[in-house]
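Next come the chains, spelled out residue by residue.
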Amino acid sequence: MAPFPINPRYSKMIVEGVRLAEESGKKTNLLRYLVDMISVLSVPDLLQDPTSKVLKKLGCGTGSDGLSWLMVFGAYRHFTDNDPVSVSDFCNQHGLRQHAFKEVNRLRSQIGRIFAATFPATKLDLDSNPGPPKKTDRELIKRLIFMCFSDRLARRIDGHRRFETLTSRSKDDISISGGSSIELMSGNPYSAFVYQDIERTGEDSTAVRDVDGLETLQTERWMLRTVTEVDLRWASKYAPRNLLRVTTPLTEPKPIYDKDLDQTGFYCRLEYGSKRWVAGVGFVSYDDTQWETDGYRLFARALLEGCVFQQLSGFTNSLTSLPSALTDKGGLVHNSVKARSIVGVLAGRSVMSKARFLEIWDQDHQFL
């Protein structure tokens, strides 16, 4: 991330974007859009008038100020490529500072050169014109923004305009910048908002009468800027573990070994941040939880059933007990010497995934 001359969070967004593009295995313009969006967001003072509504005019409906700026920059690029004489008129009409957008172009070229040298396999093409991002790319970009700004989260507290953040006090007055493109009409109960900056805009004094007389209550006013609407249910996959509180495993859906993720885990209700915002139901690995022993039992069962290595599935009928008995807490096998033996060996080497099993096997062919 060090070579990029931008905010480290944006550098992380690029790196994670490369990973997501590789995982999808599909041809996508995601990386091109990321470079364009990050270039715009990295240059300050893009507007002649900070109260301009240009994001609402040119980028409304994206659910993200970052994506809206991407749309504005796309319109600017269209004029510079096809009608350069009219660029000044376009900027003046929409209250954009032309000099700032020239700086965006210079930064974009610089990031593009570094990107091509760092990730040559991506074959990033900044000269093509892919048009506005499609829905799939917009959703991926919003998830990347959430991933890189997951500690800067806000949610509505009275149904419309007032907000609280993960660190705000109950008396703070927090709102979204008037120039934002965000529409606050979502009916999603897990709707939240990632912000990239928060600015203090003033302070109010309110007289409150308590049992001892009058007390002056200071209310600070804050403004959220560059906001993206996200879904708190994304937290289980994209937020760092230190922001999540894992609750007791659910009985339904049942705990599983997930072959695609190569993780042994369980489903639970997640709570987000110190305020314990409800973040839906998520899949959580047993690693480093108080239920870790159950994870080793479940992985042992998956191993014997051939879910980890398919070749072992042919030997299941030769076992004296069904592998499912390892996770049956009411059964005789659950706490037998045989069960404790295999679970103990796996726990002793922290083996709860295929990758970890193969790592140990390379070191010790007598393992298990």
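The numbering scheme is per chain: residues are counted from 1 as the chain's sequence reads. Two thresholds apply to this predicted model, a pLDDT of at least 70 for residue-level local features and 80 or more for giving and counting side-chain atom pairs, whereas whole-chain, interface and lining totals are computed over all residues. With hydrogens and water stripped out, all remaining heavy atoms of the structure feed into the side-chain values.

1. A short note on the pairing of strand β8 (residues 263-272)
For clarity, the cut-off: Between buried and exposed lies partly exposed: a residue is buried under 20% and exposed over 50% of the maximum accessible area for its type, with that area taken using a 1.4 Å probe on protein chains only. A run of H or I in DSSP counts as a helix once it spans at least four residues, and a run of E counts as a strand once it spans at least two, with each numbered from the N terminus. At least two DSSP bridges between two strands are required for those strands to pair.
In terms of residue burial, β8 counts as a mostly covered element, since 7 of its 10 residues are buried. Across 3 bridges, strand β6 (residues 244-246) lies against β8 in antiparallel orientation. Looking at β8, one finds that Arg245 is bridged to Glu271. Looking at chain direction, strand β7 (residues 256-258) and β8 are connected through 3 bridges and run antiparallel. Within β8, the position partnered with Tyr257 by the bridge is Thr264. Remark: 4 residues form the turn of the hairpin made by β7 and β8, two consecutive strands paired antiparallel; Asp262 in that turn has positive phi of roughly 55 degrees.

2. Side note on the pattern of salt bridges
Opposite charge on two side chains makes pairing possible when the charged atoms of those side chains draw close. This is how the line gets drawn: Note on definitions: salt bridges are taken to be side-chain nitrogens of Lys or Arg within 4 Å of carboxyl oxygens of Asp or Glu.
The tally for this structure, following the rule as stated, stands at 16 salt bridges. One salt bridge in this structure joins Arg19 and Glu23, with 2.7 Å as the shortest N-O distance. With Arg19 and Glu23 both in helix α1 (residues 8-24), this residue pair falls 4 residues apart, about one helical turn. Owing to a relative accessible area of 32%, Arg19 belongs among the partly exposed residues under this scheme. One salt bridge in this structure joins Arg106 and Glu103, with 2.8 Å as the shortest N-O distance. Within this pair, Arg106 and its partner Glu103 are both found in helix α6 (residues 98-118), separated by 3 residues, close to a single helical turn. With relative accessibility at 34%, the residue Glu103 sits in the partly exposed group. Several salt bridges share partner residues, and in doing so they unite Glu16, Arg19 and Glu23 into one network.

3. Re the nonpolar core
Stated precisely, the cut-off is as follows: By nonpolar core we mean a set of buried residues, namely Ala, Val, Leu, Ile, Met, Phe, Trp, Tyr and Cys, connected to one another through side-chain atoms within 4.5 Å. Note on contacts: a residue pair is in contact if any heavy atoms of the two residues lie within 4.5 Å.
Core analysis: the largest hydrophobic core is formed by 87 residues, its most contacted members being Met13, Trp69, Leu96, Phe146, Leu153 and Tyr272. Those residues in contact with Leu153 that sit more than four places away from it in its chain are Phe146, Glu164, Thr165, Leu166, Ala192, Phe193, Val194, Tyr195, Val230, Leu232, Tyr272 and Trp277. Phe163, Ile174, Ile182 and Leu224 belong to the second-largest nonpolar core, a separate cluster that totals 9 residues.

4. A few points about unusual backbone geometry
Residue Pro253 is bonded to the preceding Glu252 through a cis peptide linkage, with omega at -5 degrees. Looking at the element boundaries, Pro253 is found in the loop between β6 and β7. Even without being a glycine, Asp45 presents a positive backbone phi close to 55 degrees. Locating Asp45 in the fold gives a position in the loop between α2 (30-41) and α3 (54-59).

5. Things to note about helix α4 (residues 65-82)
To keep things clear, this is the line we draw: By this rule the span expected of a helix is its residue count minus one, scaled by 1.5 Å. Side-chain atoms alone can form a polar contact between residues adjacent in sequence; in general such a contact is a pair of N or O atoms within 3.5 Å, and within protein one must be able to donate a hydrogen while the other accepts it.
Taking 1.5 Å of rise per residue, 18 residues should cover 26 Å, and α4 covers 26 Å from first to last C-alpha, within 8% of that figure. What α4 keeps buried is the set Asp65, Gly66, Leu67, Ser68, Trp69, Leu70, Val72, Phe73, Tyr76 and Arg77. With a side-chain oxygen lying 3.2 Å from the backbone nitrogen of Gly66, the N-terminal cap of α4 falls on Ser64.

6. Quick word on the environment of His94
If you trace the backbone, His94 turns up in helix α5 (residues 87-94). Given a relative accessible area of 14%, His94 falls into the buried group. Along the backbone, His94 and Ser52 are 42 residues apart, and their C-alpha atoms lie at a distance of 7.9 Å. His94 has contacts with Ser52, Val54 and Leu58, leaving out every residue within four places of it along the chain.

7. Observations concerning the packing of aromatic side chains
Stated formally: Centres within 6.5 Å make a pair out of two Phe, Tyr or Trp rings, where for Trp the six-membered ring is used; the pair is then stacked when the planes are under 30 degrees apart, edge-to-face when over 60, and tilted otherwise.
The full count for this structure, using the stated rule, is 16 aromatic pairs. The interplanar angle of 35 degrees and the centroid separation of 6.5 Å between the aromatic rings of Phe146 and Tyr272 together place this pair among those described as tilted. Here Phe146 is found in helix α7 (residues 135-148), whereas its partner Tyr272 is found in strand β8, with 126 residues between them in sequence. Neither Phe146 nor Tyr272 differs from the other in exposure class; each is buried. Through a chain of ring-to-ring contacts, three or more aromatic side chains come together here, namely Trp69, Phe73, Tyr76 and Phe101.

8. Focus: the layout of surface pockets
The test is simple: Residues are said to line a cavity or pocket when one of their atoms sits within 4 Å of a point; the points come from a 1 Å grid over protein atoms alone, cavities being sets where a 1.4 Å probe fits but cannot get out and pockets being open sets with protein on both sides within 12 Å along at least five of seven lines. Grid points are joined across faces, edges and corners, and a volume is the space filled by probe spheres set on the points. Lys, Arg, Asp and Glu make up the charged group, whereas Ala, Val, Leu, Ile, Met, Phe, Trp, Tyr, Cys and Pro make up the nonpolar group; the residues left over, Gly among them, are polar.
Volume-wise, the largest pocket comes out at about 890 Å³. Taken together, 32 residues make up the lining of the largest pocket; nearest its centre are Ala21, Ser24, Lys26, Thr28 and Leu30. Secondary-structure elements contributing two or more residues to the lining of the largest pocket are α1, α2, α7 and α8 (235-238). If one sorts the elements of the lining of the largest pocket by residue count, α1 sits on top with 9 residues. In terms of residue class, the lining of the largest pocket is built from 12 nonpolar, 7 polar and 13 charged. Approximately 700 Å³ is the volume attributed to the second largest pocket.

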